[in-house]
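Here is what each chain is made of, one letter per residue.
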Amino acid sequence: MDETQILEGMGELKYKAKYIPNDIENYLIVEDIEIIINAKYEEIKNITVYGNKEDYLAFDTVNTKEMYIVVEYVNGKTEKISKNITIAYNNGQESFRAGDTFFTVSAYTERGQYIEYKVEVKVSKRRPEYTIPTDIIVREGQKLSEIELPKGLHWMDENQKTEGIGYVMYKAKYIPEDTDNYLTVENIDIQIYINKALGSTI
């Protein structure tokens, strides 16, 4: 009845039609004829996701603003989807975690067909942020293990003793609480001021 109507849904769909005979002077026009159409989704040949990075850091998220999906059908037709794209991370969280190998994109085609595609990625540990102390004052000959550092910082060699007078550099490392997603940073230079040992005549 309405030739501009768009097919909606899949499976058996019922639409109305009318029959117009060639000889309308002697034959009636029959309206409201029920026509059943068996609608099927077009067979998909390939799905490609564009606008995505391959390398991420822990806690990064996928930016869907520049992402789009190209769907290629067996019949040669292609369709570009750039709106209402949903992201699911394979760890079940709201962002990546170190070691993740893929995420899943999903969307609906123009005809309402649900599509889902796994995108392979590499997710590395993130470099942590830390504060290097600048006000450490000690005596010559002290073990580094006796010198307290802020949380997360540890001396590379805690048995090493302070030597010399004045400002001296020693190596430390930072161990984050979340070692699954953050790197351990070694060989951090920490400057300390060394006073002469008690009783020293130098």
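Residues numbered from 1 in each chain as written. Predicted model: local features only at pLDDT ≥ 70, side-chain atom pairs only at ≥ 80, totals over all residues. Heavy atoms only, no water.

S.K.: Help me out: how do you make sense of the pairing of strand 6 (residues 78-81) in this one?
M.R.: If a strand is regular, its side chains alternate between the two faces of the sheet. Here strand 6 shows one buried face, formed by Glu79 and Ile81, and one open face, formed by Thr78 and Lys80. Bridge count between strand 5 (residues 68-73) and strand 6: four bridges; the pairing is antiparallel. For Val71, the partnering residue across the bridge sits in strand 6 and is Glu79. Hairpin remark: strand 5 followed by strand 6, antiparallel, with four residues in the connecting loop; positive phi at Gly76, about 95°. (Buried < 20%, exposed > 50% of the residue type's maximum accessible area, 1.4 Å probe, protein only. Helix = DSSP H or I, 4+ residues; strand = E, 2+ residues; numbered from the N terminus. Pairing = 2+ DSSP bridges.)

S.K.: So what exactly am I meant to see when it comes to the nonpolar core here?
M.R.: Nonpolar side chains in soluble globular proteins generally cluster together in the buried interior. Membership of the largest hydrophobic core comes to 20 residues, with the highest contact counts inside it found for Val62, Met67, Ile69, Ile87, Phe96, Phe103 and Val105. Counting residues per element, the ones that place at least two in this core are strand 3 (44-50), strand 5, strand 7 (86-89), strand 8 (102-108) and strand 9 (114-120). Not counting the four nearest positions on each side in its chain, Phe103 is found in contact with Asn52, Val62, Met67, Ile87, Ala88, Tyr89, Phe96, Tyr117, Lys118, Val119 and Val121. Within the second largest apolar cluster, 15 residues are counted, among which are Ile136, Leu144, Ile190 and Ile192. (Core = buried A, V, L, I, M, F, W, Y, C linked by side-chain atoms within 4.5 Å. Contact = heavy atoms within 4.5 Å.)

S.K.: Looking at this structure, how should I read the sheet that holds strand 7?
M.R.: Whether parallel or antiparallel, the strands of a sheet pair through hydrogen bonds between backbone atoms. Read across the open sheet, the three strands follow the order 7-8-9; overall the sheet is antiparallel. In this open sheet, the two edge strands, each paired with only one partner strand, are strand 7 and strand 9. Pairwise comparison of adjacent strand axes, ignoring direction, gives a mean angle of 25° for this sheet. Note: strand 8 against strand 9, seven bridges, orientation antiparallel. Within strand 9, the residue paired with Ala107 across the bridge is Ile115. (Axes fitted to C-alpha atoms, helices over the stretch in contact; angles between N-to-C directions.)

Geometric values such as these leave the question of function open.
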